[in-house]
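# Notes for the structure review
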Amino acid sequence: MSLKDIGESHTAMLSNTQCGLDKSKGPWAQDTILVCCPTAANKLPNGDSSCGYIPKKKRIVGGTPTAYKEFPWMALVQYESISEFTVSTRYYCGAALINSRYVLTAAHCVQGGSEESDVSSIVRVRLGEWDTTDCPDQLYKKSDCMRSHLDIMVEKAIIHPDFRKEDRKFVHDIALLRLHLPVSFTKAISPICLKTSYTMSNEMNTAFVGSDMIIAGWGKTETSLSSSKLLKTYIEGMPLYSCSKHYGSMNKNYICAGSNNGSDSCKGDSGSPLMSNPQFGTRIYLLGITSYGAEKCGSRDFPGLYTRVAPYYNWIKTNLRL
């Protein structure tokens, strides 16, 4: 069987699961390509070697392009719209890979509330992306890419059963997307870590107040143009009352965070991860999911609202399947 027989999407998947070469047959024999097997889809990594890895190098601070492979769990959600004469696709929301078969995103990206989910259906998730201008249509285009990505069909969307719009915010704004095929982890595609413990003592204002956290995405910048390269910036946790005066009543399921220097998640970053700011050599954990924010990106004194992931850990685990 040749690569031509298995199709473009499967060829891309095999390319992204290569683990190296077997040279045991000697210098004159053809090397055997090694392929990594995916991990179990019903389990979550917990600070082990497979999740939250960060390269040991200086990290760029504040609203600038990330380094390639810096956040290998970042994902883009692709929507498809069908009209009488055309089929159009677009990437709008973000997501985070949490194991070999699931990504976590915002429920409003799946069921109403986002610009795309109101008129389109989710078809694919893109993993391993960094610069969207580098081979944008790898699934259909027969060409070599400088940095290959992986497009995988979405098999099932699982929305939190209590998701709804209330006041000026979303409630239980969290969803899982199950991929049609499992992925093997590489330096460009690997999951973010999730905390397995959640203490009620941290349930209200004091948990992340004053803490530096990281947001990343391809959403609209201060110039109102979407970025082709994955961007990141640092924001600070704020008391929940800083958000309640803009969005209505708050509870333990939210994180309020923002900045006074114009750094904030923007329209188009919905579903993207709010991440822990690691010490040198430690791992990154998923703290929240971008849920709601000001229409004007980076508005001063108008913080963004994030769904806190920890209270939903049991819901996530319950909905994972092999």
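## Here we look at the overall build of the chain
Summing up its helical and strand segments, the chain has four helices and 17 strands in all. Per-residue burial for the chain yields a buried fraction of 49% across its 322 residues. Here the contacts in the chain between residues at least 6 apart in sequence split such that 69% fall between residues at least 24 apart. For the chain, the accessible area works out to roughly 15800 Å², and carbon and sulfur atoms hold 52% of it.

## Some details on the pairing of strand β12 (residues 212-217)
Extensive coverage of β12 is indicated by the burial of five of its six residues. Note that β12 and strand β15 (residues 273-276) share three bridges and pair antiparallel. Bridge pairing in β15 places Met213 opposite Ser276.

## A closer look at unusual backbone geometry
Phi angles above zero are rare outside glycine, and Lys69 is one such case at about 70°. The exposure class assigned to Lys69 is partly exposed, which follows from its relative accessible area of 33%.

## Quick word on the pattern of salt bridges
All told, the structure shown has eight salt bridges when counted by the stated rule. Its salt-bridge partner being Arg164, residue Glu166 comes within 3.2 Å of it at the nearest N-O pair. Look at Glu166 and you get partly exposed, because its relative accessible area is 29%. Judged by relative accessible area, Arg164 falls into the partly exposed class, the value being 38%. With a closest N to O distance of 3.9 Å, Lys169 and Glu166 form a salt bridge.

Criteria and cut-off values
- Residues numbered from 1 in each chain as written.
- Predicted model: local features only at pLDDT ≥ 70, side-chain atom pairs only at ≥ 80, totals over all residues.
- Heavy atoms only, no water.
- Helix = DSSP H or I, 4+ residues; strand = E, 2+ residues; numbered from the N terminus.
- Buried < 20%, exposed > 50% of the residue type's maximum accessible area, 1.4 Å probe, protein only.
- Contact = heavy atoms within 4.5 Å.
- Areas by Shrake-Rupley, 256 points an atom, 1.4 Å probe, with all protein chains shown as cover.
- Pairing = 2+ DSSP bridges.
- Salt bridge = Lys/Arg side-chain N within 4 Å of Asp/Glu carboxyl O.

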